[in-house]
Amino acid sequence: PPTIRQLFAAPVPTDPTEITVNGWIKSVRRQKRMSFAVLADGTTDDGLQAVFSDPTLDLDSLTTGASVRLEGALVGSPGARQDRELQVRSFSVVGQCDPESYPIQRKELSTEFLRTLPHLRTRTQAHAHIIRERDRLMRGFHSYFETNGFYHIHTPALTQNDCEGGGEAFALAAPAPDMFGHPAYLTVSAQLHLEAMAAALPRVYTLSPAFRAESSATSRHLSEFWMLEAELAFADSLEDIMALTEGCVRAVLPKASDTDPSPWPRITYAQAVDALAAAHPQVKFEYEPRHGDPLRSDHERWLAEVWANDRPVFVTSYPAAHKPFYMLPNDDGTDTVACFDLLIPRVGELAGGSLREHRLDRLQDAMKRHGVNERGELEWYLDLRRWGSTPHGGFGLGFERLVAFVTGTESVKECVPFPRWAGRWLM
Ligand code: 4AD
Ligand code: MG
């Protein structure tokens, strides 16, 4: 049988058309001579109106949440709210649903309440919509990168390094430490492994899970999230990496949300702090913007929403002191690195990227300063600079943050089917 999306994709039938359709009952309205039900199957925002006018049909088991198979005639609808409806001739209940105990009734359910039922919440039309958008964005990225000559790489979840050096890596409990002869962690970023691949296949990317023991349970943070990461060998400048980031995000954004074809603005961290400081204190930021301090999330949102006039904005050249060991220093004497954050309205930081230090001796120095590779766990990473090194760079983008932006969703917790975050563990 067709999905409801397929049914709605076809023109309204001029003559009654016999069909069979599967789905779940979203609501039932019983009247004296006729009853109505809305049937949905998650494939589209719309439900199919089903009309029951045969008095011999027993509708008792037709309850909200029941899975059913309906057969009848699809016809143009006289109703104002739908253009077609199904006049049901016969139906069978595939799986009953007790209306007394079923928690997903049609009445408005709060986001908070639905979070306690991640295994059931996608049965709401609103959540099904988010999950479909997630799928669409994923496919959009794969298509963009394929078109642009990138190879998709499967990178490991188990590692021996904390790529970002933020101390947020989940350590594996025994027996894993003995198993590998080194402490083992869940990966916080695929970047280092992608760099190895980019030294062999020059354009690579991955869309894979990343794990961070974030103590902050904010609307933008998850303990397990998906990251889109790309790495480009022979990159001449940071602009190459920003153009790639902008290109792939624009390729998947709905047309309506990205109507201005001019490139997204690029400003330096120093210029951004100047702009923030000039807006302060008329704009009440939680922290006063100061040179040398990290940008806070309300700073980031202001830069995209106000300074960039509700557009994404790249902020480049952050102080080296804020950033991990692998970033390429700028050679202008400013103690900044060749990096960017991509900031977007309502969300703040969507992506971060940089050129990587590709010179062996400089990288060894940087590792010493950052206390990285003390147990030799990144000797393999140094090998990449020993043999056939190239200037290169890449970025990582928080996939749930993009889903939140595109769907207008408040929190990333709604943007992955089974969210994990500090303080809450659910199935
Ligand atoms: O800025 P981050 O930490 O950068 C990296 O991990 C680089 N190694 C990426 C690279 O260059 N290949 O993380 C990248 C993005 C952030 O901009 C943010 O959107 C997202 O990942 N992110 C999170 N999303 C949800 N929950 C969390 N706890 C996140 N931490 C980072
Ligand atoms: Mg970042």
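Bear in mind the structure is a predicted one, so any value in this text is a computation, not a measurement. (Residues numbered from 1 in each chain as written. Chains lettered and ligands numbered in written order. Predicted model: local features only at pLDDT ≥ 70, side-chain atom pairs only at ≥ 80, totals over all residues. Heavy atoms only, no water.)

### A word on the site of ligand 1
Then, number 1: Taken together, 23 residues lie around ligand 1, and Glu164, Gln191, Arg212, Glu229 and Glu349 are the ones closest in.
Then, number 2: One of the side-chain nitrogen or oxygen atoms of glutamate 229 is found 2.7 Å away from a nitrogen atom of ligand 1.
Then, number 3: At a separation of 2.6 Å, an oxygen atom of ligand 1 approaches a polar side-chain atom of glutamate 349.
Then, number 4: Across the shell around ligand 1, the residue classes tally to eight nonpolar, seven polar and eight charged. (Near = heavy atom within 4 Å. Polar contact = N/O pair within 3.5 Å; in protein donor to acceptor, adjacent residues only side chain to side chain. Nonpolar A, V, L, I, M, F, W, Y, C, P; charged D, E, K, R; others polar.)

### Overview of the packing of aromatic side chains
Then, number 1: This model, assessed by the stated rule, comprises 12 aromatic pairs.
Then, number 2: Taken together, a centroid distance of 5.4 Å and an interplanar angle of 90° make the contact between tyrosine 144 and phenylalanine 145 edge-to-face. Summarising the burial analysis for this pair, tyrosine 144 and phenylalanine 145 share the class buried.
Then, number 3: Ring plane angle 80° and centroid distance 5.5 Å describe the contact between phenylalanine 325 and tyrosine 326, whose orientation is recorded as edge-to-face. Each member of the pair phenylalanine 325 and tyrosine 326 is classed as buried.
Then, number 4: Among the aromatic residues, ring-to-ring pairing joins Tyr144, Phe145, Phe150 and Tyr205 into one connected group.
Then, number 5: Its end group placed over the ring of tryptophan 421, lysine 413 keeps NZ or CZ at 5.0 Å from the ring centre. (Phe/Tyr/Trp six-rings, centres within 6.5 Å; stacked < 30°, edge-to-face > 60°. Buried < 20%, exposed > 50% of the residue type's maximum accessible area, 1.4 Å probe, protein only. Lys NZ or Arg CZ within 6 Å of the ring centre and 35° of its normal.)

### Side note on a nonpolar patch on the surface
Then, number 1: Together, Leu158, Met179 and Phe180 make up an exposed nonpolar region whose accessible area comes to about 310 Å².
Then, number 2: Counting through the fold element by element, leucine 158 comes out in strand β7 (residues 158–159).
Then, number 3: For leucine 158, a relative accessible area of 43% translates into the label partly exposed. (Patch = residues over 30% accessible without salt bridge, like charges linked within 9 Å, V, L, I, M, F, W, Y side chains within 5 Å. Areas by Shrake-Rupley, 256 points an atom, 1.4 Å probe, with all protein chains shown as cover. Salt bridge = Lys/Arg side-chain N within 4 Å of Asp/Glu carboxyl O. Helix = DSSP H or I, 4+ residues; strand = E, 2+ residues; numbered from the N terminus.)

### Some details on the domain arrangement of the protein
Where the parts come together, the accessible area they lose is often given as the size of the interface.
Then, number 1: In terms of domain boundaries, the protein breaks down into domain 1 (4–107) and domain 2 (121–414).
Then, number 2: Between the C-alpha centres of domain 1 and domain 2 the distance comes to 45 Å.
Then, number 3: Taken together, the contact pairs 11 residues of domain 1 with six residues of domain 2.
Then, number 4: Arginine 132 is paired through a salt bridge with aspartate 45; the nearest N and O atoms lie 2.8 Å apart.
Then, number 5: Across the domain 1-domain 2 interface, the total number found is six residue pairs in polar contact (both at pLDDT 80 or more).
Then, number 6: For the side of domain 1 that touches domain 2, a count of residues per class yields three nonpolar, four polar and four charged. (Domains from an automatic or database assignment. Contact = heavy atoms within 4.5 Å.)

### Section: the packing of helix α3 (residues 125–147) against helix α11 (residues 399–407)
Then, number 1: Interaxial distance between α3 and α11 falls to 10 Å at its minimum, and their mutual angle equals 120°. With respect to α11, the axis of α3 lies oblique. Handedness of the α3/α11 crossing: right-handed. For the pair α3 and α11, the contacting residues are His129, Ile130, Glu133, Arg134, Arg136, Leu137, Met138 and Phe141 in the first and Phe399, Glu400, Leu402, Val403, Val406 and Thr407 in the second.
Then, number 2: In the contact of α3 with α11, the residues fall into eight nonpolar, two polar and four charged. (Axes fitted to C-alpha atoms, helices over the stretch in contact; angles between N-to-C directions. Parallel < 35°, antiparallel > 145°, perpendicular 65-115°, else oblique. Left-handed = near helix turned anticlockwise from the far one by under 90°.)

### Notes on the environment of serine 257
Then, number 1: The residue serine 257 is located in the loop between α6 (238–252) and β11 (266–268) in this model.
Then, number 2: Expressed as a C-alpha distance, the spacing of serine 257 and leucine 397, which sit 140 residues apart in the sequence, is 18 Å.

### Some remarks on the sheet that holds strand β3 (residues 48–52)
Then, number 1: Spatially, β1-β2-β3-β5-β4 is the arrangement adopted by the five strands of the closed barrel, whose pairing is mixed. Pairwise comparison of adjacent strand axes, ignoring direction, gives a mean angle of 55° for this sheet. (Pairing = 2+ DSSP bridges.)

### Notes on the sheet that holds strand β6 (residues 151–152)
Then, number 1: In spatial order, the strands read β6-β9-β10-β15-β14-β13-β12-β11; together these eight strands make up an open sheet with mixed pairing. In this open sheet, the two strands that pair with only one neighbour each are β6 and β11.
Then, number 2: Across six bridges, the pairing between strand β13 (residues 339–344) and strand β14 (residues 348–355) is antiparallel. By the bridge assignment for β14, aspartate 341 is matched with glycine 352.
Then, number 3: The strands that helix α7 (residues 269–279) touches are β11 and β12 (313–316); relative to β11, the one it contacts most, it runs at about 85°.

### Points about the nonpolar core
Then, number 1: The biggest cluster of nonpolar side chains holds 40 residues, and the ones touching the most others in it are Phe141, Phe145, Leu228, Phe395, Leu397 and Leu402.
Then, number 2: Of all the secondary-structure elements, those providing two or more residues to this core are α3, β9 (203–211), β10 (224–233), α6, β13, β14, β15 (392–398) and α11.
Then, number 3: Ranked by residues supplied to this core, first place goes to α6 with seven residues.
Then, number 4: Contact partners of leucine 402, with chain neighbours within four places excluded, come to Leu137, Phe141, Val249, Val252, Leu253, Leu350 and Leu397.
Then, number 5: Core analysis: the second largest hydrophobic core is formed by 35 residues, Leu276, Ala304, Leu343 and Leu382 among them. (Core = buried A, V, L, I, M, F, W, Y, C linked by side-chain atoms within 4.5 Å.)

### Examining the environment of serine 216
Then, number 1: The residue serine 216 is located in the loop between β9 and β10 in this model.
Then, number 2: Serine 216 sits 161 residues away from glutamate 377 along the chain, and the two C-alpha atoms are 28 Å apart.

### Describing the pattern of salt bridges
Then, number 1: Evaluated as defined, the whole model comprises 22 salt bridges.
Then, number 2: As a salt-bridge pair, glutamate 300 and arginine 220 come within 3.2 Å of each other at their nearest N and O atoms. Taken as a pair, glutamate 300 in helix α8 (residues 297–307) and arginine 220 in the loop between β9 and β10 lie far apart in primary sequence, 80 residues in all. Note on accessibility: glutamate 300 and arginine 220 belong to one class, buried.
Then, number 3: For the salt bridge of aspartate 293 with arginine 290, the shortest nitrogen-to-oxygen distance reads 3.5 Å.
Then, number 4: Classification of arginine 290 by relative accessible area gives partly exposed; the value is 49%.
Then, number 5: Linked through salt bridges whose partners overlap, the residues forming this network are Glu239, Glu246, Arg250, Asp258 and Arg266.

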